[in-house]
Structures are given as C-alpha cells and as structure tokens.
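# Structural description and commentary
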Amino acid sequence: MSHKIAVVGGDGIGPEVVAAGLRVMEAVASKHGIDYETVEYPFGTDHWLATGGTHGGETLPDSAFAEIQSMDAVLLGAIGDPRAPVGLVEHGVIMRMRVGLDLYVNLRPVKLYDERLCPLKDKKPEDVDMVIVRENTEDAYTASPEFENKGTPEEVASQPMRYTRKGTERVIRYAYELSRKRNRSKKLLMIDKANAVRAQDLWTRTMAEVGEEFPDIEQDHAYIDAACMWMVKNPEWFDVAVTTNLFGDIITDVGAMIQGGLGVAASGNIHPGAVSLFEPIHGSAPKYAGQNVANPVATVMAVAMMFDHLGYTEVSQEMEATVARLIQENVIQSLSAGVQSTTEIGDLLASALAG
Ligand code: IPM
Ligand code: MG
C-alpha cells in the first residue's frame, strides 16, 4: 500500500525545514520499504498574496481540501507572515485543517534528550518525559470574534471559550487511553481553570465520568497557572496531561523550552484512524527564512510522529532514538538556529537513518 502525504511548507522557514524533513523521510522509508507519494501544496502567505491578498486571496481552496481529505497524512512547516493581517492565513490554513479534518487531538510530547539542553538546574532526561494532550477543535479558537461598537470608546469584543460534551469527552478518553498505553505513572492530570472559567465544570465532570471506565488510572488535577509553575519546578511530576485548546497552546511552549527549545518540539494533530497533520511547534521565524539556518530537528520529529500514526511504531522509535543519540554525541551540536545549517542537519539525520 502506498501512503499519500500532503506537504505544505508554508511561510518563512517552513519550506526549508520541510525539505530537510522530507529528505530524512525518504531515507527512512527506503530503508524500511515503506511506499509513499507526496503531493506538495503552495499554501501560505506568498500564495495568498499571489492570488489577490486582501482582494479574495486564497488560503486553502476547497478543491485542495477535498484532495487532502482522502490522503493519509499532512506534513506542515509553519504559517505566519507579517505581510498578511494577524491570524488570517493561520486561520485559513492551519485552523481549517484542524477543524475541517476534525483533528481533535493535538498531541505534544515533551521529552529531554540530553541534560545540557535543559534550562532547568539539575534536571535530567528522566525528569522531563511527558505528553500533553491538547484539545484541538473547540474553545475560543473556533468561536467567532465579535465586536460591538467597533472603534468607539464603548467597544466590546468577545470570543467565547466554548466546549461541547462530545468534544471534551473524546479528547479526555484519548488521554486516559494514552496513560494506560504509556504505563508509567498511570495517572492522568487534567489542567483547567474551572475556578475562574466556570464553564469548565463540564471538563471536571467529564474527567470524573470517563474515569470510571479506567479504574487503573488515577485522576489528578491542576489549574493552568499552577501547572505552568509545576512544570518548571518539578517536571518529573508530569506524565500524561489533558487540557483545553488555549491552555494547551500556552503550556506546550513552556514544555518546548524545558525539552531544549522550539528547535526540537513536534506535534501531531490527530483524528485516530484518519488523515492527520504533523508539524513542528515552532513558527515561521521570518527573520531566518531563506538562509539555511533553521533547525529541522522538530520537523524530523514530526515526521517520526507521522510514521507512528501510519502504523510504523518501531520506525518512529528508531527515528527518535537516532535523533536523541546524535544530540547526545554532539553530532547535532545545538537545537538553536544557525549553529549548523538546515541542510547539514538534514543530511546527518538522513545518513544516520539510511539502511
Ligand atoms: C501552535 C500555534 C498555533 C496555535 C497558531 C499558529 C495559530 O501557536 O500550533 O501552537 O495557537 O495553535
Ligand atoms: Mg502555539
């Protein structure tokens, strides 16, 4: 069977890190006899500008969306460019795929591969090994912004945090299953702010009710403010955590820092059993674009997550172990931009993983 992969390089450094990711993917697939084909799409701010920009510019046209719907996975670089209004292309491309493809889990592993990468004093790889399960289709992210009396002193702007029982339940169930599968602390942490955002009482009740199906998994709870504090102070307390879309966005940037920075953090936007999207957590970093300095390790880790989703769990583990080893051996000297070139790191990983 041949897997069909949509590729969207996107803005800024996106196309460069994706090119390196594809190079590594090719090496890995040929070693393991995995058959796939890629379809590259030009979507991002250049495309939006070229097709008209504010005068009807295209973000992700329906025809391409329909094609992607029938594929197995999407590899995305990054979206974001100051030439477009804030959030417009992000919404049109990333949010359209997250919501349109119903990718209800945003899976964000936080794992430290070498002590020297951790900014926290005395924390070692065994202290930083967790997965944040971020809800990915609801919350303020998918509510419409509303402005009353716009531009006047009486202006009121709102974009509600909206949660459905179904949306909450399915992501919480996924997180319980993951806790069971990881088989580490056997404790699921729910992160919310139900003491202030009282609508999140829905999360509190759903966590308890779904938990009855998982008597082997202990239920734990932290408010988002405290969770940010604990993640920095005692990352070893974390194993699997589930949280809302907005809080998950914020806390996974904290997570990325304690695992060595945005140069390594990857994520999967997943609908179990269906087409899913994999991307580095970092943004488009326009200042580094086109210079071959961006670090592609996070994109390579996104490719590893993609192989896992496609059913090649051992291949994915081999990729992760190789990335970890090259970091530990200082072959990959840094996760920051500019220490080694994008293509050099891509080549190093491709040859280390080739058969
Ligand atoms: C992320 C990003 C996106 C988000 C932006 C680009 C809309 O920060 O994937 O974490 O907020 O989800
Ligand atoms: Mg983010």
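Residues numbered from 1 in each chain as written. Chains lettered and ligands numbered in written order. Predicted model: local features only at pLDDT ≥ 70, side-chain atom pairs only at ≥ 80, totals over all residues. Heavy atoms only, no water.

### A closer look at the overall build of the protein chain
Regarding its fold elements, the protein chain presents eleven helices and twelve strands. For the protein chain, the C-alpha radius of gyration of 20 Å lies close to 20 Å, the compact-globule estimate for 355 residues. Projected onto its principal axes, the C-alpha coordinates of the protein chain cover approximately 55 × 50 × 40 Å. Counting across all 355 residues of the protein chain, residues that qualify as buried make up 52%. Taking all contacts inside the protein chain whose residues are at least 6 apart in sequence as the whole, residues at least 24 apart take part in 76%. (Helix = DSSP H or I, 4+ residues; strand = E, 2+ residues; numbered from the N terminus. Rg over C-alpha atoms; globule rule 2.2 N^0.38 Å. Buried < 20%, exposed > 50% of the residue type's maximum accessible area, 1.4 Å probe, protein only. Contact = heavy atoms within 4.5 Å.)

### Here we look at the packing of helix H1 (residues 14-32) against helix H10 (residues 313-328)
Interaxial distance between H1 and H10 falls to 12 Å at its minimum, and their mutual angle equals 130°. The angle between the axes of H1 and H10 places the two elements in the oblique class. Viewed along their axes, H1 and H10 form a crossing whose handedness is right-handed. For the pair H1 and H10, the contacting residues are Val24, Val28, Lys31 and His32 in the first and Val315, Glu318 and Met319 in the second. The residue makeup of the contact of H1 with H10, split by class, is four nonpolar, one polar and two charged. (Axes fitted to C-alpha atoms, helices over the stretch in contact; angles between N-to-C directions. Parallel < 35°, antiparallel > 145°, perpendicular 65-115°, else oblique. Left-handed = near helix turned anticlockwise from the far one by under 90°. Nonpolar A, V, L, I, M, F, W, Y, C, P; charged D, E, K, R; others polar.)

### Quick look at the site of ligand 1
In the neighbourhood of ligand 1, the contacting residues comprise Arg98, Arg108, Arg134, Tyr141 and Asp249. At a separation of 2.7 Å, an oxygen atom of ligand 1 approaches a polar side-chain atom of arginine 98. At 2.5 Å, a side-chain N or O of tyrosine 141 approaches an oxygen atom of ligand 1. In terms of residue class, the shell around ligand 1 is built from one nonpolar, no polar and four charged. (Near = heavy atom within 4 Å. Polar contact = N/O pair within 3.5 Å; in protein donor to acceptor, adjacent residues only side chain to side chain.)

### As for unusual backbone geometry
The backbone of aspartate 139 shows a phi angle near 75°, a positive value even though the residue is not glycine. Following the sequence through the fold, aspartate 139 ends up in the loop between strand S5 (129-135) and strand S6 (146-148). On the basis of relative accessible area, aspartate 139 is assigned to the buried category, the value being 1%.

### Some points on the packing of H1 against helix H9 (residues 297-309)
A pair of packed helices is characterised by two quantities: the angle between their axes and the separation of those axes. Direction vectors running N to C along H1 and H9 enclose 45°, while the axes themselves pass 8 Å from each other. In this view, H1 runs oblique relative to H9, as classed from their interaxial angle. As for how H1 packs across H9, the hand of that crossing is right-handed. Mapping the contact onto sequence places Val17, Val18, Gly21, Val24, Met25, Val28 and Ala29 in H1 and Thr299, Val300, Val303, Met306 and Phe307 in H9. Here the residues of the contact of H1 with H9 sort into ten nonpolar, two polar and no charged.

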